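Observations on chain architecture
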Amino acid sequence: MVTASAPGKVYLFGEHAVVYGEPAVPCAIGLRASVTAHEREGGLRIRADDLSLSGFTVEYDGDSNNRPDIDAPDSLVEAAMGYVDEAVAQVRDAADAPDAGFDITIESEIPLGAGLGSSAAVAAAAIEAGTRELGVELPSEEIAERAYQVENTVQNGQASRADTFCSTMGGAVRVEGEDCQPIDSPDLPFVIGYDGGAGDTGALVAGVRDLRDQYDFAADTVEAIGDVVRRGERALAAENVTEIGKLMDFNHGLLSALGVSSRTLDSMVWAARNADGLGAKLTGAGGGGCIVALDETPETLTALEYTPGCEEAFRAELDTDGVRVETE
Ligand SMILES: Nc1ncnc2c1ncn2[C@@H]1O[C@H](COP(=O)(O)OP(=O)(O)OP(=O)(O)O)[C@@H](O)[C@H]1O
Ligand SMILES: C[C@@](O)(CCO)CC(=O)[O-]
Ligand SMILES: [Mg+2]
């Protein structure tokens, strides 16, 4: 039995645009998903009590895909299970063990669908736990690549390597197309506001794609996000936190123009700005979920706590540990 964990992340800059080849800078944070894999005689049984489908246990064999007996629409169940299913497919492929069966247990501190990269963390941790359980040790680059394949399949061919590379490597990273690099970052005073909601990553990415196909100025907006990221990288290298904050504000405006913000995400961003934080933006796919702000003082945290629609506000720190084995 092997347990592995991987961190969630916030985007300092560049989500959505990264899907079209612009650079992005996500940063791993100290909230983790843990996956335990225990080999069994064929089939797959998944225990995922943190899933918003009120927690369920699923048991089915590889062929018949028996539907779990829970009171939720099929599409939701399939979407909820897609990442784990695909991660197990990657494990079987990597270990050359097409018939390997597993009991998988997932425990996670990362809210689902909220922009903190729960899917990437679950995928990376599941691949690490599953392959180790079969006695195979993958280099971290391969875990990242296989976790990306998981996201790409579930998001219907519309995913970047950013979330999965960040979750696998930890720390701050820069991703542009297939080029993925760890980068240096100062300790940034992240404050996260969470509205308790979720967005559907695949649907939000598809919405941006449609806008980009329809309007030249939407394509220009995606490129403008790339420009913000390039400036952001310079600010990061110079440890100029004030400039980083300003660029985060700009990045949020451009994401809003692309239709991926929401009323509560905007309210939380404005609460952070009014509290004189250094900058704030939505993080991840958007639609609902989390914003990330920068502030060393307690003001932004307090302001978010009093913002209608904000369910939870907390500080987060850059986590330099990527995917790791917890117990073996
Ligand atoms: N604790 C968990 N147990 C089982 N599956 C999980 C868990 N956490 C996340 N997942 C999987 O990840 C999916 C959510 O991924 P999605 O990409 O929509 O959001 P996210 O990764 O949290 O946010 P973003 O991609 O915007 O950063 C869930 O539907 C589920 O399939
Ligand atoms: C919206 C997106 O850019 C980030 C989701 O966390 C999608 C992706 O990069 O795969
Ligand atoms: Mg995701």
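Model, not experiment: these values are computed from the prediction.

Reading the values: the criteria
- Residues numbered from 1 in each chain as written.
- Chains lettered and ligands numbered in written order.
- Predicted model: local features only at pLDDT ≥ 70, side-chain atom pairs only at ≥ 80, totals over all residues.
- Heavy atoms only, no water.
- Near = heavy atom within 4 Å.
- Polar contact = N/O pair within 3.5 Å; in protein donor to acceptor, adjacent residues only side chain to side chain.
- Areas by Shrake-Rupley, 256 points an atom, 1.4 Å probe, with all protein chains shown as cover.
- Nonpolar A, V, L, I, M, F, W, Y, C, P; charged D, E, K, R; others polar.
- Salt bridge = Lys/Arg side-chain N within 4 Å of Asp/Glu carboxyl O.
- Helix = DSSP H or I, 4+ residues; strand = E, 2+ residues; numbered from the N terminus.
- Buried < 20%, exposed > 50% of the residue type's maximum accessible area, 1.4 Å probe, protein only.
- Axes fitted to C-alpha atoms, helices over the stretch in contact; angles between N-to-C directions.
- Parallel < 35°, antiparallel > 145°, perpendicular 65-115°, else oblique.
- Contact = heavy atoms within 4.5 Å.
- Core = buried A, V, L, I, M, F, W, Y, C linked by side-chain atoms within 4.5 Å.
- Domains from an automatic or database assignment.
- Pairing = 2+ DSSP bridges.
- Phe/Tyr/Trp six-rings, centres within 6.5 Å; stacked < 30°, edge-to-face > 60°.
- Lys NZ or Arg CZ within 6 Å of the ring centre and 35° of its normal.
- Disulfide = S-S within 2.5 Å.
- Buried area = accessible area lost by both parts, 1.4 Å probe.

1. Description of the site of ligand 2
Near ligand 2 you find 13 residues, and of these Lys9, His16, Ala159, Ser160 and Asp163 are the closest. Note that an oxygen atom of ligand 2 is positioned 3.3 Å from one of the side-chain N or O atoms of Gln155. Against a free-state accessible area of 300 Å², the protein chains account for coverage of 96% of ligand 2. Tallied by class, residues from the shell around ligand 2 come to 6 nonpolar, 4 polar and 3 charged.

2. Overview of the pattern of salt bridges
What the rule picks out here adds up to 17 salt bridges. Its salt-bridge partner being Lys281, residue Glu15 comes within 2.8 Å of it at the nearest N-O pair. In this pair, Glu15 sits in the loop between β1 (2-13) and β2 (25-40) while Lys281 sits in strand β9 (residues 279-282), placing the two residues 266 residues apart along the sequence. There is no split in this pair, since Glu15 and Lys281 are both buried. In this structure, the salt-bridge partner of Arg324 is Glu326, at a minimum N-O distance of 2.8 Å. Judged by relative accessible area, which is 30%, Arg324 ranks as partly exposed.

3. Here's the deal with the packing of helix α5 (residues 201-214) against helix α6 (residues 216-237)
Between two packed helices, the angle of one axis relative to the other and the distance separating the axes together describe the packing. Remark: α5 packs on α6, axes separated minimally by 5 Å, with the N-to-C direction vectors making an angle of 120°. Classed by the angle they form, the pair α5 and α6 counts as oblique. Of the residues in α6, those in contact with Val208, Leu211, Arg212 and Gln214 of α5 are Asp216, Ala218, Ala219 and Val222. When grouped by side-chain class, the residues that make up the contact of α5 with α6 number 5 nonpolar, 1 polar and 2 charged.

4. Section: the nonpolar core
Soluble, globular proteins show a tendency: their nonpolar side chains are buried together. Leu12, Phe13, Ile104, Leu116, Phe190 and Ile244 are the most contacted members of the largest nonpolar core, which totals 89 residues. Here this core takes 8 residues from helix α2 (residues 118-133), the largest share from any one element. Viewed by domain, this core spans two of them, domain 1 (2-184) and domain 2 (190-316), each represented by three or more residues. In terms of nonpolar packing, the next biggest core, distinct from the first, is built from 12 residues, Tyr11, Val18, Ala28 and Phe165 among them.

5. Observations concerning the sheet that holds strand β11 (residues 312-316)
Sheets are built from strands that pair by backbone hydrogen bonding, the pairs being arranged parallel or antiparallel. Here 4 strands make up an open sheet; going across it, the order is β9-β10-β8-β11 and the pairing antiparallel. Both edges of this open sheet fall to β9 and β11, since each of them pairs with a single strand only. Averaged over all pairs of adjacent strands, the angle between strand axes in this sheet comes to 20°, irrespective of strand direction. Pairing of strand β8 (residues 190-194) with β11, which is carried by 5 bridges, proceeds in the antiparallel orientation. What sits directly across from Gly193, in β11, is Ala313. Sheet strands touched by helix α7 (residues 241-257): β9 and β10 (290-294). Its angle to β9, the strand with the most contacts, is close to 35°. Along the sheet face, helix α8 (residues 263-274) touches β8, β9 and β10 and points at about 170° away from the line of β9.

6. Section: helix α4 (residues 162-169)
Counting buried positions along α4 yields 8 of 8 residues, so the element is predominantly enclosed. Taken residue by residue, α4 has Ala162, Asp163, Thr164, Phe165, Cys166, Ser167, Thr168 and Met169 as its buried positions. Two residues or fewer past α4, Gly170 is found with a positive phi of approximately 75°.

7. Topic: the pairing of strand β5 (residues 101-108)
Burial of β5 is extensive: 6 of the 8 residues sit out of reach of the surface. With 8 bridges connecting them, β2 and β5 associate as antiparallel partners. Within β5, the residue paired with Ala37 across the bridge is Ile104. In terms of strand pairing, strand β3 (residues 44-48) meets β5 through 5 bridges, oriented parallel.

8. A short note on the packing of aromatic side chains
All told, the structure shown has 1 aromatic pair when counted by the stated rule. Residues Tyr215 and Phe217 carry aromatic rings whose centres are separated by 4.8 Å and whose planes lie at 15° to one another, so their mutual orientation is stacked. Residue Tyr215 is classed as partly exposed on the basis of its relative accessible area of 33%. Above the face of the Tyr148 ring, Arg161 is positioned so that its terminal group lies 4.0 Å from the ring centre. If you follow Arg273 out to its NZ or CZ, it ends over the ring of Trp270, 4.7 Å from the centre.

9. Quick look at the state of the cysteines
Going through the model one piece at a time under the given rule, you end up with 0 disulfides. Of the cysteine sulfurs around Cys290, a residue in no disulfide, the closest is that of Cys310, at 8.8 Å.

10. Things to note about the domain arrangement of the chain
Here the chain is described as being made up of domain 1 (2-184) and domain 2 (190-316). Contacts between the two partners involve 29 residues from domain 1 and, on the opposite side, 41 residues from domain 2. The largest share of the area that domain 1 buries against domain 2 comes from Phe13, His16 and Tyr20, three residues that together contribute 27% of it. Applying the counting criterion to the domain 1 and domain 2 interface returns 3 salt bridges. Of the charged contacts, one joins Arg174 and Glu233 as a salt bridge, the two residues approaching to 2.6 Å between their closest N and O atoms. Elements that contribute at least two residues to the side of domain 1 that touches domain 2 include exactly β1 and β2. Ranked by the residues each element gives to the side of domain 1 that touches domain 2, the list is headed by β1, at 5 residues. Grouping the amino acids of the side of domain 1 that touches domain 2 by side-chain chemistry returns 18 nonpolar, 6 polar and 5 charged.

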